[in-house]
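# Chain and residue survey
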Amino acid sequence: MTPEQYESILRSLTDIKTALGEERSSYKFILYMVPNIGIIFGTTLLFFLFKWWHNQKMALIQTGQFKPWSFDLRAYSFFLGLLLTFTGFALSFVFILVLGRSMAMMGGLIPFAIGLGLLTFYKLSK
């Protein structure tokens with residue numbers, strides 16, 4: 001191979017690399033913008049949702065139709081505690097059977113522990 005041929009091949013390869021690099025940069029820019037636009041849209045949507053709920057409550061208060069609702073934290077913690085405890089137990093059991101002792105067990109042990117904590121809160125709060 002002559003030095004001229006080598007230079008020609010090297011020049012062709014750098015041209016291809018440059019062309020691909022420019023194409024990839026526009027492609028990456030679009031991919032990087034998708035989550036940003038999603039976050040901006042979601043934040044705007046949540047802002048207006050909370051604003052509309054607030055306006056609705058204010059209108060109900062002004063007309064005298066607002067009825068505050070009570071939230072039973074004890075019953076909710078019992079329900080959620082049972083749900084998370086049994087879900088966590090089932091996930092832990094399946095992960096131990098399928099994968100053995102590994103970090104995947106955390107996917108079941110974390111809801112199990114949270115569920116036990118909520119059941120403890122239910123038992124201790126009176």
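In this text the structure is predicted, and so the values were computed from the model without any measurement.

### Section: the overall build of the chain
A count of helical and extended segments in the chain gives 3 helices and 0 strands. Moving toward the C terminus, one meets the helices and strands of the chain in the order α-α-α. In terms of overall dimensions, the chain is more spread out than a globule: its C-alpha atoms have a radius of gyration of 29 Å, far above the 14 Å expected for 126 residues. Its C-alpha atoms give the chain principal-axis dimensions of roughly 90 × 55 × 15 Å. Within the chain, counting contacts between residues at least 6 apart in sequence, those at least 24 apart form 61% of the total. Summed over all atoms, the accessible surface of the chain reaches about 10900 Å², with 73% contributed by carbon and sulfur. Looking at charge distribution, the chain has the averaged site of its 11 positive side-chain charges lying 34 Å from that of its 6 negative ones.

### A closer look at the UniProt feature "transmembrane region" (unreviewed entry) in the chain
Taken from the UniProt record, the annotation "transmembrane region" (unreviewed entry) applies to residues 29-54, 75-98 and 104-122. Secondary structure content for residues 29-54 is 100% helix and 0% strand, and the end C-alpha separation is 38 Å. Structurally, residues 75-98 comprises 100% helix and 0% strand, and the distance from its first C-alpha atom to its last is 35 Å.

### Thoughts on the UniProt feature "domain: DUF6249" (unreviewed entry) in the chain
UniProt's entry tags residues 34-126 with the feature "domain: DUF6249" (unreviewed entry), counted in the numbering of this structure. In the segment residues 34-126, helix accounts for 82% and strand for 0%; the C-alpha atoms at its two ends are 49 Å apart.

### Overview of the packing of aromatic side chains
For the structure shown, the criterion picks out 8 aromatic pairs. Aromatic pair Trp69 and Phe71: ring centres 6.2 Å apart, planes at 85°, arrangement edge-to-face. Ring centres 6.4 Å apart and planes at 45° place the aromatic pair Phe89 and Phe112 in the tilted group. Within this pair, whereas Phe89 is found in helix H2 (residues 73-99), its partner Phe112 is found in helix H3 (residues 106-124), the two being separated by 23 residues in sequence. We classify Phe89 as exposed; its relative accessible area is 52%.

### Topic: the packing of H2 against H3
Closest axis-to-axis distance for the H2/H3 pair is 6 Å, and the angle between their directions is 155°. Our classification of the angle between H2 and H3 gives roughly antiparallel. Here H2 runs over H3; the crossing is left-handed. A breakdown of the residues in the contact of H2 with H3 according to their chemical character gives 17 nonpolar, 8 polar and 1 charged.

Reading the values: the criteria
Residues numbered from 1 in each chain as written. Predicted model: local features only at pLDDT ≥ 70, side-chain atom pairs only at ≥ 80, totals over all residues. Heavy atoms only, no water. Helix = DSSP H or I, 4+ residues; strand = E, 2+ residues; numbered from the N terminus. Rg over C-alpha atoms; globule rule 2.2 N^0.38 Å. Contact = heavy atoms within 4.5 Å. Areas by Shrake-Rupley, 256 points an atom, 1.4 Å probe, with all protein chains shown as cover. Lys, Arg positive; Asp, Glu negative; His and termini not counted. Charge placed at Lys NZ, Arg CZ, Asp CG, Glu CD. UniProt positions renumbered as here; feature names shortened; annotations may be inferred. Phe/Tyr/Trp six-rings, centres within 6.5 Å; stacked < 30°, edge-to-face > 60°. Buried < 20%, exposed > 50% of the residue type's maximum accessible area, 1.4 Å probe, protein only. Axes fitted to C-alpha atoms, helices over the stretch in contact; angles between N-to-C directions. Parallel < 35°, antiparallel > 145°, perpendicular 65-115°, else oblique. Left-handed = near helix turned anticlockwise from the far one by under 90°. Nonpolar A, V, L, I, M, F, W, Y, C, P; charged D, E, K, R; others polar.

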